[in-house]
Protein chains: 2
Amino acid sequence: MAMRQRHLAAFIALAETGSFKKAAAQLHQSPAALSVSIKDLETSAGVQLFERTTRTVVLTEAGVSFVPAARRAWIANHEAESSLTQIATGQGGRLRLAVAPSVALAWLPSALSQFIRQHPRVEVTVIEGTASHVSDAITAGYADLGIQGASGVSPDLVGEVIYRDPIVRVGRGGIRIGLTEGTHTEQLLANAGIEPPRIQVDTPQLAVRLAQSLGGHALLPSLTLGALESEPMPHIAPRDICRLTRTSEHDNPVIRAFMRELLVTIQSFDGATKPSGLA
Amino acid sequence: MAMRQRHLAAFIALAETGSFKKAAAQLHQSPAALSVSIKDLETSAGVQLFERTTRTVVLTEAGVSFVPAARRAWIANHEAESSLTQIATGQGGRLRLAVAPSVALAWLPSALSQFIRQHPRVEVTVIEGTASHVSDAITAGYADLGIQGASGVSPDLVGEVIYRDPIVRVGRGGIRIGLTEGTHTEQLLANAGIEPPRIQVDTPQLAVRLAQSLGGHALLPSLTLGALESEPMPHIAPRDICRLTRTSEHDNPVIRAFMRELLVTIQSFDGATKPSGLA
DNA sequence: GTCGCTTACGGTCTGCGTAATCATA
DNA sequence: TATGATTACGCAGACCGTAAGCGAC
């Protein structure tokens with residue numbers, strides 16, 4: 001037997017309306033077409049599902065028994081369809097983020113709260129980690145969107161700069177407290193001709209603390225500082241913040257929707273702290 | 001968007017196999033046909049669901065998100081189909097019986113126990129009542145199959161004699177104990193030229209009891225007596241036991257299946273008590 | 001070169017509407 | 001007689017298979 005959707009639709013409409021004419025109207029069909037659909041269904045099944053006189057149509061017992069399963073199938077089909085449109089418009093599905101800590105701290109709370117408000121049916125998971133962790137998570141398929149400070153490393157990842165984070169100075173002392181050598185930030189500083197830091201630490205927060213207590217200074221991406229007071233260092237190239245996705249997810253609607261929120265967040269933060277623009 | 005079953009089938013097969021060639025084989029199709037099905041689905045939805053290279057096919061995030069709903073719909077469709085075939089073969093659905101008390105007592109236990117053993121997915125309900133109750137239940141739609149002693153009364157009911165129940169005598173005394181005038185049995189006796197009973201009672205059981213204690217006799221359908229000893233009354237026409245259904249349920253498969261069991265039961269009972277046959 | 005996905009094309013078959021027919025209230 | 005279900009018929013479009021193409025191993 002080959003039961004198609006039109007058979008289900010025909011059966012349900014006829015069962016609900018009790019009239020070929022009304023059911024046909026409901027399905028935007030001619031009564032004749034509906035009649036053959038029902039007849040096909042009945043003959044292929046081998047049971048009569050409706051008892052017709054010329055004026056009236058009633059479900060047989062077999063028809064009554066079939067109603068629940070038919071309705072379930074019909075609903076499931078519609079839910080599949082609407083699920084797909086939701087996925088296609090970014091209102092459904094899941095979003096697996098991998099973000100660098102500074103990003104997580106600075107932008108994520110605001111961007112995520114906006115996003116989940118406007119996309120209540122999307123499941124969100126977040127992984128926080130260093131740049132290499134982030135890109136690994138993307139490549140390995142544990143996450144679908146990465147936000148981090150270094151641009152793409154793997155060939156099948158596509159990266160795009162979404163923010164140019166300026167390097168700023170905290171404190172005025174002579175001793176420089178910096179991050180571990182080899183980090184993206186320190187590479188930028190080295191490229192700008194600045195000597196390696198006297199004291200190397202793990203996190204920007206610790207660098208700031210030490211700079212303050214030792215009377216030194218720290219050169220750090222501005223995002224890592226929060227509202228802390230700092231001086232701009234315009235001659236040092238900024239740290240590029242990138243979005244990272246697998247090439248196959250380049251048109252993922254959920255990612256697009258989240259990126260929209262994120263960019264709004266970035267702009268609003270940027271406007272609040274520094275009147276001049278961003279990249 | 002118009003998502004048809006072939007789109008669902010194509011999506012699921014491709015998601016499961018990860019190859020157009022294999023999925024096409026599974027669907028007994030050419031890879032080309034499958035390719036356009038998937039493409040149609042993707043363009044109508046507006047999302048890419050698979051990432052293809054020439055050699056490999058992988059679900060995108062959107063595709064992954066769609067899998068559960070697609071599979072649910074697919075399963076529901078198949079369950080609807082199998083539900084219908086079960087209904088058509090009498091293995092599913094429901095059976096609402098209305099039976100006369102004598103039938104309920106004599107045949108129902110055996111017939112029903114056989115039936116529910118062989119049709120475990122059929123819901124069974126039983127109404128017990130007099131002949132008019134039975135036919136009313138059928139007409140009103142509370143029951144679908146009636147077994148009773150009088151033949152069909154309502155025009156849109158179809159009746160069929162399934163057993164000719166002989167009238168027998170219990171006791172040898174002169175006083176006749178009988179059922180209330182107007183019952184089917186008493187009409188048969190009147191037609192045979194027998195005078196109305198001296199004492200009229202409600203139930204065959206009571207008639208037998210009184211006949212024994214008063215030293216009278218009772219003329220009753222043999223079915224009402226169980227294993228009680230009795231003498232045949234061959235010159236009195238037997239009571240016809242009928243099946244009753246609405247005309248619309250004439251080909252109801254569950255009813256057919258139950259009738260098969262019932263007739264087997266009747267034959268075995270009949271063979272056990274009286275070597276000679278039935279109608 | 002080989003394998004597998006995609007595109008193009010032509011034929012078939014499904015499924016529709018129109019119109020005529022049938023049956024009942 | 002009027003209404004609504006059914007049957008017959010012809011057409012439009014969906015859908016498939018074959019064959020040619022294209023790109024990656």
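Residues numbered from 1 in each chain as written. Chains lettered and ligands numbered in written order. Predicted model: local features only at pLDDT ≥ 70, side-chain atom pairs only at ≥ 80, totals over all residues. Heavy atoms only, no water.

## Concerning the packing of helix α1 (residues 5–17) of chain B against helix α3 (residues 31–45) of chain B
Residue and element names in this part refer to chain B. For the pair α1 and α3, the least separation of the axes is 9 Å and the interaxial angle reads 105 degrees. Relative to α3, α1 is oriented roughly perpendicular. Of α3, the residues touching α1 (which contributes R6, H7, A10, F11 and L14) are L34, S37, I38, D40 and L41. Counted by class, the contact of α1 with α3 contains 6 nonpolar, 2 polar and 2 charged residues. (Axes fitted to C-alpha atoms, helices over the stretch in contact; angles between N-to-C directions. Helix = DSSP H or I, 4+ residues; strand = E, 2+ residues; numbered from the N terminus. Parallel < 35°, antiparallel > 145°, perpendicular 65-115°, else oblique. Contact = heavy atoms within 4.5 Å. Nonpolar A, V, L, I, M, F, W, Y, C, P; charged D, E, K, R; others polar.)

## Examining the protein's contact with DNA strand D
Taken together, 18 residues surround DNA strand D, and among them F20 and R52 of chain A together with R6, Q29 and T54 of chain B come closest. The share of sugar and phosphate among atoms of DNA strand D within 4 Å of the protein is 75%. Contact between DNA strand D and Q29 of chain B: a phosphate oxygen at 2.8 Å from a side-chain N or O atom of the residue. Take S30 of chain B: an N or O atom from its main chain is 2.9 Å from a phosphate oxygen of DNA strand D. Going through the elements one at a time, α2 (20–26) and α3 (31–45) of chain A together with α3 of chain B are the ones with two or more residues in the surface near DNA strand D. With 3 residues, the single largest contributor to the surface near DNA strand D is α3 of chain A. Classifying every residue of the surface near DNA strand D by side-chain character gives 4 nonpolar, 7 polar and 7 charged. (Near = heavy atom within 4 Å. Polar contact = N/O pair within 3.5 Å; in protein donor to acceptor, adjacent residues only side chain to side chain.)

## Details of the domain arrangement of chain A
Accessible area lost upon the coming together of the parts is a frequently used measure of interface size. Residue and element names in this part refer to chain A. Examined at the domain level, chain A breaks down into domain 1 (5–88), domain 2 (92–164 + 239–268) and domain 3 (167–232). A straight line from the C-alpha centre of domain 2 to that of domain 3 covers 26 Å. In total, domain 2 and domain 3 occlude about 610 Å² of area from one another, counting both sides; carbon and sulfur atoms represent 72% of this. The three residues of domain 2 that bury the most area against domain 3 are S102, A106 and R239, which together make up 63% of that side's buried surface. Where domain 2 packs against domain 3, one counts 0 salt bridges. Across the contact surface, domain 2 and domain 3 share 1 residue pair in polar contact (both at pLDDT 80 or more). Elements represented by at least two residues in the side of domain 2 that touches domain 3 include exactly α5 (101–106) and β12 (239–246). For the side of domain 2 that touches domain 3, the per-class residue count stands at 6 nonpolar, 2 polar and 2 charged. (Domains from an automatic or database assignment. Buried area = accessible area lost by both parts, 1.4 Å probe. Salt bridge = Lys/Arg side-chain N within 4 Å of Asp/Glu carboxyl O.)

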